[in-house]
Amino acid sequence: IEIIVIDDGSTDHTDQVIKQYIDRFGDPAGNRYIHYIHQPKQGVVAARNNGLSQSRAPLVAFLDSDDFWDKHKLQRQLQAIRMDDQVAAVHTSFRYVDKAGQPTDDGPQRLDNPCAGDCAAALLREDVIIFSSVLIRRRAIEKAAAAQEHGQAFAPGLTNAQDYDLLLRVALLGRFIYIPEALTFYRQHDTHGAMGNLKQAFGYHCQVQRRFAKQFGT
């Protein structure tokens, strides 16, 4: 397992926190399983593209700084993706949690998620995937990036919903597997109110859908 931590210009002493883990998990040969990379604040697109460029593993999982995983998440996903070489990505059910990490919902979410198998059409109708739940084959990411004029996994021109944009392009390249277990924990924030966030998210998703339809058709 290779962990890439991209510090996008934070001011909360992230480097000091990460150092103790780098020291703890380094091996006698000096190899590191955790890589800490600081960059001047550039936003999530630059951070994610930077993380991809620094990593080497054939399978990539993304974790936003405010979300977290069940300890069995990657194991379950590895078992699933190894069963079919044509699978491009595996995602999981999730729980909503508060600032303290406590569930705020009534149980695992989207257990009947429609994004399984060949699901580009279903995903285009609605973004039903929590990005922190995804494990993706690197070759699918690289192929999706190469098909774009900008050549990046995450489109530099998008200020939001970059993850949705990538997932749609990856869905054209291979099947998805859905694991109906709450192995990902998605933290909700109430800074701007739920309705305001939903309205903004809907607008960003519509922008991505229009871009996708224009390039690939519906």
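Our subject is the structure listed above.
The sections below set out a description of the structure shown in this document. (Residues numbered from 1 in each chain as written. Predicted model: local features only at pLDDT ≥ 70, side-chain atom pairs only at ≥ 80, totals over all residues. Heavy atoms only, no water.)

1. A closer look at the overall build of the protein
Under the convention used in this document: Numbering of helices and strands starts at the N terminus; helices are DSSP runs of H or I of at least 4 residues and strands are runs of E of at least 2. It only takes one pair of heavy atoms within 4.5 Å for two residues to be counted as in contact. The accessible surface values rely on the Shrake-Rupley method and a 1.4 Å probe; as for residues, cover is taken only from the protein chains in view. All tallies of charge rest on Lys and Arg as positive and Asp and Glu as negative; His and the ends of each chain are not included. The location of each charge is read from NZ of Lys, CZ of Arg, CG of Asp or CD of Glu.
Of the regular secondary structure elements, the protein holds seven helices and seven strands. Scanning the protein from its N terminus toward the C terminus, one meets helices and strands in the order β-α-β-α-β-β-α-β-α-β-α-α-β-α. Expressed as lengths along the three principal axes of its C-alpha atoms, the size of the protein is roughly 50 × 40 × 35 Å. In the protein, once contacts between residues fewer than 6 apart in sequence are set aside, the share between residues at least 24 apart is 74%. As displayed, the protein has an accessible area near 12,700 Å², and 51% of this comes from carbon and sulfur atoms. One finds the centroid of the 25 positive side-chain charges in the protein at a distance of 3 Å from the centroid of its 26 negative side-chain charges.

2. A closer look at the side chain of Asp163
The condition that has to hold: Each residue's exposure class comes from its accessible area (1.4 Å probe, protein chains only) as a fraction of the maximum for that residue type: buried when under 20%, exposed when over 50%, partly exposed otherwise. What counts as a salt bridge is simple: a side-chain nitrogen of Lys or Arg found within 4 Å of a carboxyl oxygen of Asp or Glu.
Residue placement: Asp163 occurs in helix 6 (residues 162-171). There is no salt bridge for the buried Asp163, and the closest opposite charge comes from Arg48, which lies 4.5 Å off by N-O distance. If near-sequence neighbours (up to four positions away) are discounted, Asp163 is found in contact with Arg48, Phe131 and Phe154.

3. Considerations on the pairing of strand 7 (residues 175-187)
Looking along a regular strand, one sees the side chains alternate between the two faces of the sheet. Under the convention used in this document: Paired strands, in this sense, are two strands between which DSSP finds at least two bridges.
Pairing analysis gives two bridges linking strand 4 (residues 68-69) to strand 7, with the strands arranged antiparallel. Among the inter-strand pairings, Phe68 is bridged to a residue of strand 7, identified as Phe185. The sheet contact formed by strand 5 (residues 87-97) and strand 7 spans ten bridges and is parallel. Within the sheet, the bridge partner assigned to Val87 lies in strand 7 and is Arg175.

4. Topic: the sheet that holds strand 5
Applicable threshold: Axes here mean lines fitted to C-alpha atoms, for a helix over just the part in contact, with angles spanning 0 to 180 degrees between N-to-C directions.
Strands sit in the order 3-6-5-7-4 across an open sheet of five strands; the sheet is mixed. The open sheet has two edge strands, strand 3 (59-61) and strand 4, and neither has a second partner. In the packing of helix 3 (residues 73-81) onto the sheet, contacts are made with strand 3, strand 4, strand 5, strand 6 (135-137) and strand 7, and the angle to strand 7 comes to roughly 175 degrees.

5. Topic: the pairing of strand 5
The buried count for strand 5 comes to ten of eleven residues, which makes it a mostly enclosed element. Sheet topology note: the strand 5/strand 6 ladder contains two bridges and is antiparallel. From the neighbouring strand, Val90 faces strand 6, where its bridge partner is Leu135.

6. Let's talk about the state of the cysteines
Which entries qualify depends on this criterion: Cysteine sulfurs are considered disulfide-paired once they come within 2.5 Å of each other.
This structure, assessed with the given rule, holds one disulfide. The disulfide partner of Cys115 is Cys119, and the gap between their sulfur atoms is 2.4 Å. On the sign convention where negative means left-handed, the S-S torsion of about 45 degrees between Cys115 and Cys119 marks this disulfide as right-handed. Neither Cys115 nor Cys119 differs from the other in exposure class; each is buried. Of the cysteine sulfurs around Cys206, a residue in no disulfide, the closest is that of Cys115, at 18 Å.

7. Structural notes on the packing of aromatic side chains
Going by this rule: Each Phe, Tyr or Trp ring, with Trp reduced to its six-membered ring, pairs with another whose centre is within 6.5 Å; inter-plane angles below 30 degrees give stacked pairs, above 60 give edge-to-face pairs, and intermediate values give tilted ones. In this scheme, the term charge over a ring applies when either NZ of a lysine or CZ of an arginine sits within 6 Å of the ring centre and within 35 degrees of the ring normal.
Counted according to the given criterion, the structure contains seven aromatic pairs. Summarising the aromatic geometry, the rings of Phe94 and Tyr96 are spaced 5.1 Å apart at their centres and angled 90 degrees between planes, so their arrangement reads as edge-to-face. Each ring, one from Phe131 and one from Phe154, has its centre 5.9 Å from the other, and the planes form 90 degrees; the classification is edge-to-face. Here the residue Phe131 occupies a position in the loop between helix 4 (120-125) and strand 6, and Phe154 occupies one in the loop between helix 5 (138-146) and helix 6, the gap between them amounting to 23 residues. For Phe131, a relative accessible area of 4% translates into the label buried. Through successive ring pairs, a cluster of aromatic residues spans Phe62, Phe131 and Phe154. Just above the ring of Trp69 sits the side chain of Lys73; from NZ or CZ to the centre is 4.2 Å.

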